[in-house]
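For reference, the chains in residue letters:
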Amino acid sequence: MHTSLRLIAALGLLLPLAAQAATRVDERAPLGAGGRVELSNIAGKVSVRGWDRNEVALSGSMADGLTLKQDRSTNRVRWEVVYPRNGNNGGATLELRVPRAVEVQLGTVSADIDVAEVNVRRLQANAVSGDIAATGRSGETALTTVSGSIRSQVQTPRLDLRAVSGSVQATGGSGEVAAETVSGSIKLDAGRVQRLGAEAVSGSLNVAAAGLAPGGKVTLQTVSGSIGLQLPRSVSAQLSVKTFSGDIQSDAGTVERPRYGPGRSLEAKLGGGDGDITINAHSGNVRVGLGAR
Amino acid sequence: MNDYDDTTPHDPEHAALQARLRALPAERVPPARVWQAIATQLPPMPRPSADVQRPRATRAPRRRWPLRVGLGLAAALGVLMVVPMPAPRTPPPTLVQRQAEAMAAEYQQAMAALPPTQVGGDWQPALHELDSSADHIRAAIAENPRSRVLLSQLQRTYALRLELTQQAVMAAAGLPS
């Protein structure tokens with residue numbers, strides 16, 4: 001009697017797994033440098049890896065009821081996992097192999113996105129609640145999630161990261177770096193930058209850069225989130241910090257307070273004063289550090 | 001002529017007397033011995049000692065000041081409590097506040113134009129977070145009504161809320177966003 005019950009229980013647990021692993025995916029398409037590959041999947045997981053072939057390949061599995069829609073042209077391959085209108089029992093777990101110097105566009109809803117070992121011309125990944133993790137190299141990188149988190153270690157001269165409630169953490173960005181959240185926190189450790197911008201509402205900003213190009217600009221803004229900026233002592237820029245009710249601490253300059261009314265500000269010339277560093281916080285505290293990170 | 005001319009008879013003796021009277025000086029100070037004699041005839045005046053009289057002369061007005069001031073303040077307070085005073089004037093909205101109001105109105109109109117669709121659960125936390133953040137920024141603008149940085153933050157938040165709502169509606173309708 002007990003053996004029968006255990007058998008029924010085991011079958012009950014295995015049945016959903018069997019249903020989810022119903023369809024295998026194994027697709028290939030030629031694509032050279034400069035081409036574009038797009039992949040759309042709502043739930044499950046999407047992994048992207050690079051290789052030294054002039055073709056793209058998609059492999060993995062889809063839950064029962066899902067179908068794969070393919071759209072191909074000479075320089076473009078698009079795959080979309082189509083979900084039934086009446087719901088389904090699971091998502092798709094897919095791995096995409098991409099050649100060098102192509103453009104990669106990924107879109108998911110709850111599916112996590114994991115990109116590694118790539119060397120592409122452009123990487124774009126969008127998720128809603130899914131997390132995004134990316135490493136490798138890319139000429140241009142744009143990662144967006146709504147409530148998921150972003151972890152980027154992509155070596156890229158153009159990095160654009162956006163989230164709403166998710167946190168953002170990135171290293172490897174240089175040149176032009178931008179990051180935005182609403183309530184999530186941002187932690188950036190950038191290389192030498194020409195433009196560096198980060199914004200949050202209640203989330204905190206923790207930003208460091210290895211250097212500022214001549215005439216470069218750094219702009220950091222929050223409403224209630226705190227702001228921390230760390231730059232090398234050799235940086236050349238005009239530093240301007242303003243808060244309404246937050247504190248200011250800085251390794252350079254003197255904090256000024258109006259005789260009457262709220263507000264604090266700090267103006268300082270760092271080095272030759274070539275670039276511009278502008279920091280604004282309403283009620284968040286600001287800390288500017290100069291020197292070794 | 002003096003006041004006596006019409007009341008005296010006209011005889012030689014009287015005329016001589018009048019001439020002598022006219023020859024007298026107009027004012028005459030009584031000799032000192034006259035005043036002494038008068039003083040001895042007067043009853044003694046009750047004179048308090050100098051120690052008691054001096055404080056009364058100097059302290060009495062000072063003691064009245066706190067009482068007068070207190071009464072004055074009490075009267076003023078009473079008037080303030082009884083008489084309806086006009087409400088303190090609120091400052092007119094700044095340009096940033098007016099722009100924030102206009103932005104909020106446009107946002108509400110744009111949201112109302114979207115089809116009423118139940119968006120998926122994946123979108124809900126972020127949409128609530130954006131609504132909460134918009135309120136947060138508007139409260140900050142009320143505190144610091146000249147901050148263009150806050151206005152740009154509000155604009156970004158509304159734009160993001162609209163964009164994500166549109167995407168969520170499209171996703172719920174099964175359309176590509």
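The structure reproduced in this document is the subject of the present report. (Residues numbered from 1 in each chain as written. Chains lettered and ligands numbered in written order. Predicted model: local features only at pLDDT ≥ 70, side-chain atom pairs only at ≥ 80, totals over all residues.)

### Section: the overall build of chain A
Thinking step 1. When you go through chain A residue by residue, the secondary structure sums to one helix and 25 strands.
Thinking step 2. Taken along the three principal axes of its C-alpha coordinates, chain A extends 80 × 55 × 30 Å.
Thinking step 3. Relative to its 293 residues, chain A shows a buried fraction of 46%. (Helix = DSSP H or I, 4+ residues; strand = E, 2+ residues; numbered from the N terminus. Buried ≥ 20, exposed ≤ 12 C-beta atoms within 10 Å, placed from the backbone.)

### Focus: the environment of I227 of chain A
Residue and element names in this part refer to chain A.
Thinking step 1. Structurally, I227 is set in strand β19 (residues 227-231).
Thinking step 2. In this structure, the C-alpha to C-alpha distance between I227 and G148, residues 79 residues apart in sequence, is 22 Å.
Thinking step 3. Setting aside anything within four residues of it in sequence, one finds I227 in contact with L205, L220, T222, I279, A281, G284 and V286. (Contact = placed C-beta atoms within 7 Å.)

### Section: the packing of helix α4 (residues 95-113) of chain B against helix α6 (residues 148-173) of chain B
Residue and element names in this part refer to chain B.
Thinking step 1. For the pair α4 and α6, the least separation of the axes is 10 Å and the interaxial angle reads 0°. One element, α4, and the other, α6, form an angle in the roughly parallel class. Taking contact as the criterion, the partners of V96, Q99, A100, M103, Y107, A110 and M111 in α4 are, on α6, R148, L151, L154, Q155, Y158, L162 and T165.
Thinking step 2. Of the residues contributing to the contact of α4 with α6, the split by class is 10 nonpolar, three polar and one charged. (Axes fitted to C-alpha atoms, helices over the stretch in contact; angles between N-to-C directions. Parallel < 35°, antiparallel > 145°, perpendicular 65-115°, else oblique. Nonpolar A, V, L, I, M, F, W, Y, C, P; charged D, E, K, R; others polar.)

### Looking at unusual backbone geometry
All names here are of chain A.
Thinking step 1. For A101, which is not glycine, the phi dihedral falls at a positive 55°.
Thinking step 2. As for its placement among the helices and strands, A101 is situated in the loop between β7 (92-98) and β8 (103-108).
Thinking step 3. Note on A101: 14 C-beta atoms within 10 Å, which makes it partly exposed.
Thinking step 4. The residue E117 is not glycine, and still its phi comes out positive at about 55°.
Thinking step 5. Assignment of secondary structure puts E117 in the loop between β9 (112-116) and β10 (119-120).
Thinking step 6. With 13 C-beta atoms packed within 10 Å, E117 lands in the partly exposed category.

### A look at the packing of helix α5 (residues 124-143) of chain B against α6 of chain B
Residue and element names in this part refer to chain B.
Thinking step 1. Close contact between α5 and α6 brings their axes to 9 Å; oriented N to C, the two are set at 160°. By the angle between their axes, α5 is roughly antiparallel relative to α6. Relative to α6, α5 is oriented so that their crossing is left-handed. On α6, the residues that touch A126, L127, L130, S133, A134, I137, R138, A140 and I141 of α5 are L150, L151, Q153, L154, T157, Y158, L160, R161, L164 and T165.
Thinking step 2. Taken together, the residues that form the contact of α5 with α6 break down as 13 nonpolar, four polar and two charged. (Left-handed = near helix turned anticlockwise from the far one by under 90°.)

### Let's talk about the interface of chain A and chain B
How big an interface is tends to be stated in terms of the accessible area lost upon association of its parts.
Thinking step 1. Of the residues lining the interface, 19 residues belong to chain A; the matching set on chain B comes to 21 residues.
Thinking step 2. Its residues assigned to classes, the side of chain A that touches chain B shows eight nonpolar, 10 polar and one charged.

### Topic: the pairing of strand β14 (residues 150-162) of chain A
All names here are of chain A.
Thinking step 1. Here strand β12 (residues 132-138) runs beside β14; their pairing, made up of six bridges, is parallel. By the bridge assignment for β14, A134 is matched with S152.
Thinking step 2. For strand β13 (residues 141-145) and β14, the ladder comprises four bridges, and the chain directions are parallel. Within the sheet, the bridge partner assigned to L143 lies in β14 and is L161. (Pairing = 2+ DSSP bridges.)

### Considerations on α5 of chain B
Residue and element names in this part refer to chain B.
Thinking step 1. When the terminal C-alpha atoms of α5 are compared, their 29 Å separation across 20 residues agrees well with the 28 Å that a helix rising 1.5 Å per residue should span.
Thinking step 2. Residues of α5 that are buried include every one of A126, E129, L130, S133, A134, H136, I137, A140 and I141, and no others. Buried residues along α5 cover an arc of 165° about the axis, so they all sit on one side. Every exposed residue of α5 that faces more than 90 degrees away from the buried side is listed here: H128, D131, D135 and A142.
Thinking step 3. Contact partners of the buried residues in α5: α4 and α6. (Expected span 1.5 Å × (residues − 1). Arc of directions from axis to C-beta.)

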